[in-house]
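Here is what each chain is made of, one letter per residue.
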Amino acid sequence: MLKQFFIICSGADTDILNQCSKGEQNKYAGIGATVFFTALMASIAGSYALYTVFDNYFVAIAFGFIWGLLIFNLDRYIVSTIKKTGHVIDEFIQASPRIILAVIIAIVISKPLELKLFEKEINQVLLEQKNELTLANKNQIREQFSPKIQTLKNDILRLQQDIETKEIEVNELYDTYISEAEGTAGTKLLGKGPVYKEKREKHDALLAELNLLKIDNKSKITTIENQIAALNTNYDTEVISSQPIINNFDGLMARINALSKLPWLPSFFIFLLFLAIETSPILAKLISPKGAYDFKLEDQETA
């Protein structure tokens, strides 16, 4: 029963093959088994590839099943259409397009399985890339807010400098009227005379202006600091809202790119393995001598 199933998988004419020897039947059963298991591997690979994209078992399994049927049909068609003519060069030319197609199929099948086999290494590469993207994202968002924040900080410094400048003027007037009272400057008369009172009045007026300036600028500085705090809050919100996009940076294309950053030799040998599996039915058909099945098939087609 299993042998008959594999013969059907090989695409051979069962009516003609039943008239041939057991060895001829076993040859085509082996070719059919290779076609079947290649399609099975393709189905598994396709399911995993779609699972990394949609993260849904049902969608992945359904697509994997359809993909396996497609590969099975292609392989069966490729093997069944190679005709034995007895001329190696003619047979190779006839099979060359099918070999190219087999190479493409081998690449498509092997890549998702490579992603699964090297999943831990790929996750490490993706983690490093996510960290780099996180830093780059923070820098890009910071560039949007930094000019505004820096402008507001400069406004605070300007307001503080206005207060300091006014304080220097007040202190200078204070030193002036004290010196006048002590007789060490100005009129150099000891005591609180008219000049002293005039300078004291200027100092007191300027001190009152300083106090008003402090109150006014303090209110402005508080408002500006609230604006800076709001901008910092918006910056944190932007970073938090964009982080899930970076965290989900592990799709199929991202994993393929991460795989390309790993050493190429293991992936190359896995590709060679699937290439050998995929081309083995074709090569077996090419290197095998023209058998009884081929003669009978030729007679039937040319009758």
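Residues numbered from 1 in each chain as written. Predicted model: local features only at pLDDT ≥ 70, side-chain atom pairs only at ≥ 80, totals over all residues. Heavy atoms only, no water.

**Comments concerning the overall build of the protein**
In terms of regular secondary structure, the protein is built from ten helices and zero strands. Mapped from its N terminus to its C terminus, the protein presents α and β elements in the order α-α-α-α-α-α-α-α-α-α. With 303 residues in all, the protein has 35% of them scored as buried. As presented, the protein carries roughly 18,500 Å² of accessible surface, and 63% of it is formed by carbon and sulfur atoms. (Helix = DSSP H or I, 4+ residues; strand = E, 2+ residues; numbered from the N terminus. Buried < 20%, exposed > 50% of the residue type's maximum accessible area, 1.4 Å probe, protein only. Areas by Shrake-Rupley, 256 points an atom, 1.4 Å probe, with all protein chains shown as cover.)

**Topic: a nonpolar patch on the surface**
Nonpolar side chains collect at one region of the surface, where Trp-264, Leu-265, Phe-268, Phe-269 and Leu-272 lie side by side and expose about 530 Å² of accessible area between them. Checked against the element boundaries, Leu-272 lands in helix 9 (residues 264-287). Take Leu-272: its relative accessible area is 32%, and that puts it in the partly exposed class. (Patch = residues over 30% accessible without salt bridge, like charges linked within 9 Å, V, L, I, M, F, W, Y side chains within 5 Å. Salt bridge = Lys/Arg side-chain N within 4 Å of Asp/Glu carboxyl O.)

**Observations regarding the packing of helix 4 (residues 57-80) against helix 5 (residues 88-117)**
Running from amino to carboxyl end, helix 4 crosses helix 5 at an angle of 160°, the nearest separation of the two axes being 11 Å. Judged by the inter-axis angle, helix 4 sits roughly antiparallel to helix 5. Relative to helix 5, the crossing made by helix 4 is left-handed. Counted together, Trp-67, Ile-71, Leu-74, Asp-75 and Ile-78 of helix 4 and Arg-98, Leu-101, Ile-105, Val-108 and Ile-109 of helix 5 form the full contact between these two elements. Its residues assigned to classes, the contact of helix 4 with helix 5 comprises eight nonpolar, no polar and two charged. (Axes fitted to C-alpha atoms, helices over the stretch in contact; angles between N-to-C directions. Parallel < 35°, antiparallel > 145°, perpendicular 65-115°, else oblique. Left-handed = near helix turned anticlockwise from the far one by under 90°. Contact = heavy atoms within 4.5 Å. Nonpolar A, V, L, I, M, F, W, Y, C, P; charged D, E, K, R; others polar.)

**Some details on the nonpolar core**
If you look at the biggest cluster of nonpolar residues, it comprises 21 residues, and the most contacted ones within it are Ile-109, Phe-118, Ile-122, Leu-259, Leu-262 and Phe-274. Per element, the largest residue contribution to this core is five residues, and it comes from helix 5. Filtering out sequence-adjacent residues up to four positions away, Leu-262 remains in contact with Phe-118, Glu-121, Ile-122 and Val-125. (Core = buried A, V, L, I, M, F, W, Y, C linked by side-chain atoms within 4.5 Å.)

**Description of the side chain of Ser-10**
Examined against the element boundaries, Ser-10 turns out to sit in the loop between helix 1 (2-9) and helix 2 (14-17). On the basis of relative accessibility, which here comes to 2%, the residue Ser-10 falls in the buried class. Polar contacts involving the side chain of Ser-10 include one to the main-chain carbonyl oxygen of Ile-7, which spans 2.5 Å. (Polar contact = N/O pair within 3.5 Å; in protein donor to acceptor, adjacent residues only side chain to side chain.)

**Focus: the environment of Pro-266**
Structurally, Pro-266 is set in helix 9. According to the relative accessible area criterion, Pro-266 is partly exposed, its value standing at 38%. Here the alpha-carbon distance between Pro-266 and Glu-114, two residues 152 residues apart in the chain, equals 9.0 Å.

**Looking at the packing of helix 5 against helix 8 (residues 252-260)**
Contact pair helix 5 / helix 8: the axes reach a minimum separation of 10 Å and the direction vectors enclose 80°. Classed by the angle they form, the pair helix 5 and helix 8 counts as roughly perpendicular. Contacts between helix 5 and helix 8 pair Lys-111, Glu-114 and Leu-115 from the former with Leu-252, Arg-255, Ile-256 and Leu-259 from the latter. Tallied by class, the residues present in the contact of helix 5 with helix 8 amount to four nonpolar, no polar and three charged.

**Quick look at the pattern of salt bridges**
Scanning all chains against the criterion turns up five salt bridges. A salt bridge links Lys-27 to Glu-24, with the shortest nitrogen-to-oxygen separation between them at 3.5 Å. Pair noted here: Lys-27 and Glu-24 are both in helix 3 (residues 22-54), with a separation of three residues, about one helical turn. By relative accessible area, Lys-27 is classed as partly exposed at 23%.

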